[in-house]
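One letter stands for each residue in the lines below.
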Amino acid sequence: MDKELEQLNELKQRFGYMFAGPHIGLDIYRGWFHDFAQACEQIDALLGNDKIGFHFSQIKEKYGWSRYYFDTDRANLMRISTRDGDGIVESIFGLKDEHDIEKQIASILSDAEQKSMHKCINCSGPAEIRKVHAMLLCVCDAHAYEGRGEAVRHAIIRGEKHD
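Residues numbered from 1 in each chain as written. Predicted model: local features only at pLDDT ≥ 70, side-chain atom pairs only at ≥ 80, totals over all residues. Heavy atoms only, no water.

**Q** Can you help me understand the confidence of the model for the chain in this one?
**A** Model confidence for the chain is summarised by a mean pLDDT of 90, while 94% of its residues fall at 70 or above. Within the chain, the lowest mean pLDDT, 76, falls on helix H5 (residues 148-155), and the highest, 98, falls on helix H3 (residues 33-47). (pLDDT = per-residue confidence, 0-100. Helix = DSSP H or I, 4+ residues; strand = E, 2+ residues; numbered from the N terminus.)

Written out as structure tokens, the structure is:
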């Protein structure tokens, strides 16, 4: 078993509730794992004993960087990301004034996403978002010449499904 897979399995054991519940895919990437794990630690500390039904509903790469989507028992969130002529426009719907904890969680995850915009999806080395075979991907010089499918396939930490 590789190091990142062992670390992911440990993370899932420590914070099983974060990976339980309905989801449409939880793709964890090697180069962004450290920042993701730190975000999980921060979220768990914020939640304390009341986990409010928090769980990831999707984890993926989109437009070249990480995306972390979540749900709680109290908020049904919808996040839309679109490209316009000037860049990416992000909108989150479903956060109300009383959703203070969810807003803090969204901020923690946004910080981790922002860090992924400058780290290689494969190795976490300094990187930039570039077109790789007509798709955007954050890769370092060493991984920039792999095809998108190769770069992403090597970057995803594959393990057992956790329910």
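Further notes follow.
**Q** I'm lost on the pattern of salt bridges in this one. Help?
**A** Two side chains bearing opposite charge may form a pair once their charged atoms approach each other closely. Tallying each qualifying case throughout the model produces ten salt bridges. Glu4 is paired through a salt bridge with Arg30; the nearest N and O atoms lie 3.0 Å apart. Here Glu4 is found in helix H1 (residues 3-14), whereas its partner Arg30 is found in the loop between helix H2 (16-19) and H3, with 26 residues between them in sequence. A salt bridge links Arg79 to Glu113; the shortest N-O distance between them is 2.7 Å. You can see Arg79 sitting in strand S3 (residues 78-84) and its partner Glu113 sitting in helix H4 (residues 100-116), a full 34 residues away along the chain. Residue Arg79 is classed as buried on the basis of its relative accessible area, which comes to 19%. On the basis of relative accessible area, Glu113 is assigned to the buried category, the value being 4%. Among the ionic contacts, a cluster of salt bridges with common partners joins Arg67, Arg79, Glu90 and Glu113. (Salt bridge = Lys/Arg side-chain N within 4 Å of Asp/Glu carboxyl O. Buried < 20%, exposed > 50% of the residue type's maximum accessible area, 1.4 Å probe, protein only.)

**Q** Teacher, can you tell me more about the packing of H3 against H4 here?
**A** Two quantities define a packed helix pair, namely the angle between the helix axes and the distance between the axes. Running from N to C, H3 and H4 point in directions that differ by 165 degrees, and their axes come no closer than 9 Å. Taken together, H3 and H4 sit at an angle that is classed as roughly antiparallel. Seen along the crossing, H3 lies across H4 with a hand that is right-handed. Residue-level inspection shows Asp35, Gln38, Ala39, Gln42, Ile43, Leu46 and Leu47 of H3 in contact with H4, the latter providing Ile101, Gln104, Ile105, Ile108, Leu109, Ala112 and Lys115. Broken down by class, the residue content of the contact of H3 with H4 amounts to nine nonpolar, three polar and two charged. (Axes fitted to C-alpha atoms, helices over the stretch in contact; angles between N-to-C directions. Parallel < 35°, antiparallel > 145°, perpendicular 65-115°, else oblique. Left-handed = near helix turned anticlockwise from the far one by under 90°. Contact = heavy atoms within 4.5 Å. Nonpolar A, V, L, I, M, F, W, Y, C, P; charged D, E, K, R; others polar.)

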